[in-house]
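# Residue-level structure breakdown
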Amino acid sequence: MHRHKNPLTLPDIHRGASVAMGNFDGVHLGHRSVIDLARRKDAPLGIITFEPHPRTFFAPDAPPFRLMNAETRAHRLEKIGVDQLYEIPFTQALATLSAEAFVDQVLVGHLGISHVVIGADFCFGKGRAGTAETLAEMGRAKGFDVTIAPLITNGDTPVSSTAIRKALTEGRPEDAKEMLGHWHRMDGPIVHGEKRGRTLGYPTANLAIDGLHLPRFGVYAVLFDVLTGPHTGQYQGAASLGVRPMFGTNTPNLETFVLDFKGDIYDAEVSVALIAFQRPELKFDSLEALTQQMAEDVAACRKSLAPHLPAA
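How each quantity is defined
- Residues numbered from 1 in each chain as written.
- Predicted model: local features only at pLDDT ≥ 70, side-chain atom pairs only at ≥ 80, totals over all residues.
- Heavy atoms only, no water.
- pLDDT = per-residue confidence, 0-100.
- Helix = DSSP H or I, 4+ residues; strand = E, 2+ residues; numbered from the N terminus.
- Pairing = 2+ DSSP bridges.
- Axes fitted to C-alpha atoms, helices over the stretch in contact; angles between N-to-C directions.
- Phe/Tyr/Trp six-rings, centres within 6.5 Å; stacked < 30°, edge-to-face > 60°.
- Buried < 20%, exposed > 50% of the residue type's maximum accessible area, 1.4 Å probe, protein only.
- Lys NZ or Arg CZ within 6 Å of the ring centre and 35° of its normal.

## Section: the confidence of the model for the protein chain
For the protein chain, the average pLDDT comes to 91, and 94% of its residues sit at 70 or higher. Across the protein chain, the secondary-structure element scoring lowest on mean pLDDT is helix H9 (residues 196–200), at 54, and the one scoring highest is strand S2 (residues 18–21), at 98.

Written out as structure tokens, the structure reads:
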């Protein structure tokens with residue numbers, strides 16, 4: 001997959017794709033239906049998305065809401081066969097473009113798209129003045145095809161990033177998976193923590209989760225994929241998501257004890273999939289009580305992970 005972080009200076013060889021356009025936070029089943037409608041035999045499959053997320057641009061102080069950072073989203077889009085990923089920088093200049101100017105300058109001028117698919121509720125341009133219907137009219141006038149994808153439901157519930165966030169907030173990763181079509185993952189480099197787990201016999205790999213929607217704090221059974229370095233592969237893990245209340249006030253992070261593993265993975269890129277919620281975050285009266293609980297957590301995680309191996 002060709003990932004273009006500045007697609008407004010695109011070489012001709014990467015123009016002319018059939019694209020799906022949207023934010024694609026989570027790349028859930030509703031997004032997949034939009035993307036699948038963009039697949040054509042006579043053109044590469046492209047994705048137009050925006051970075052940072054427009055919601056972050058307009059409300060930078062709002063609580064974190066993203067299900068995926070840009071890296072996780074790119075990994076998922078590559079897995080489903082996307083050829084061209086156009087991450088358009090969402091700047092003040094872009095935010096002030098009218099709907100027609102966005103089409104003329106970006107879709108036609110810079111990307112030269114042949115076909116675009118959007119969801120029925122997609123809006124674009126200054127003041128969100130452009131709708132799916134107005135984009136279809138512009139496409140007819142400017143020489144590219146437009147397909148409007150219907151909304152997808154899970155039973156009676158529309159599949160949406162909002163519904164997925166709710167499931168994760170309530171500690172229901174299995175229900176989130178039903179709407180995502182894949183396990184909810186958090187990606188990034190392993191960072192140096194306080195190394196407290198080593199002294200307890202449970203060394204952990206620490207992943208920063210800044211800017212992401214926070215699932216319910218607690219212990220999860222996880223699948224732990226090492227994406228780079230000499231230990232590349234998939235492992236089982238017991239992960240603690242939260243603020244470690246026993247040790248004062250801390251920034252939320254994800255600490256994973258990788259089962260049956262020895263090796264140095266600092267700075268390696270990893271992807272952690274939440275499989276099952278085991279218990280809420282607790283504050284313990286002693287290190288002995290914490291260590292005993294960690295042993296119980298590991299045993300519970302092994303049991304929860306057994307049905308899901310080896311595939312994620």
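## Structural notes on the sheet that holds strand S13 (residues 218–226)
With respect to topology, six strands assemble into a closed barrel ordered S11-S12-S15-S14-S13-S16, the strand pairing being antiparallel. The mean angle between the axes of side-by-side strands here comes to 40 degrees, regardless of whether they run parallel or antiparallel. Two strands pair when backbone bridges link them, and S13 and strand S14 (residues 233–242) are joined in this way by nine bridges, in the antiparallel orientation. When the bridges of S14 are listed, valine 226 appears paired with glycine 233.

## Details of the packing of aromatic side chains
Within this structure, the stated rule accounts for 10 aromatic pairs. When the ring of phenylalanine 57 is compared with that of phenylalanine 58, the centres are 5.1 Å apart and the planes differ by 85 degrees; the resulting orientation is edge-to-face. Residue classification places phenylalanine 58 among the exposed positions, given a relative accessible area of 58%. Put simply, the rings of Phe50, Phe57, Phe58, Phe90, Phe102, Phe122 and Phe124 pair up and form one aromatic cluster. Sitting over the ring of phenylalanine 65, arginine 55 keeps its end group 4.0 Å from the ring centre. The aromatic ring of tryptophan 183 is capped on one face by lysine 177, whose charged end is 5.1 Å from the ring centroid.

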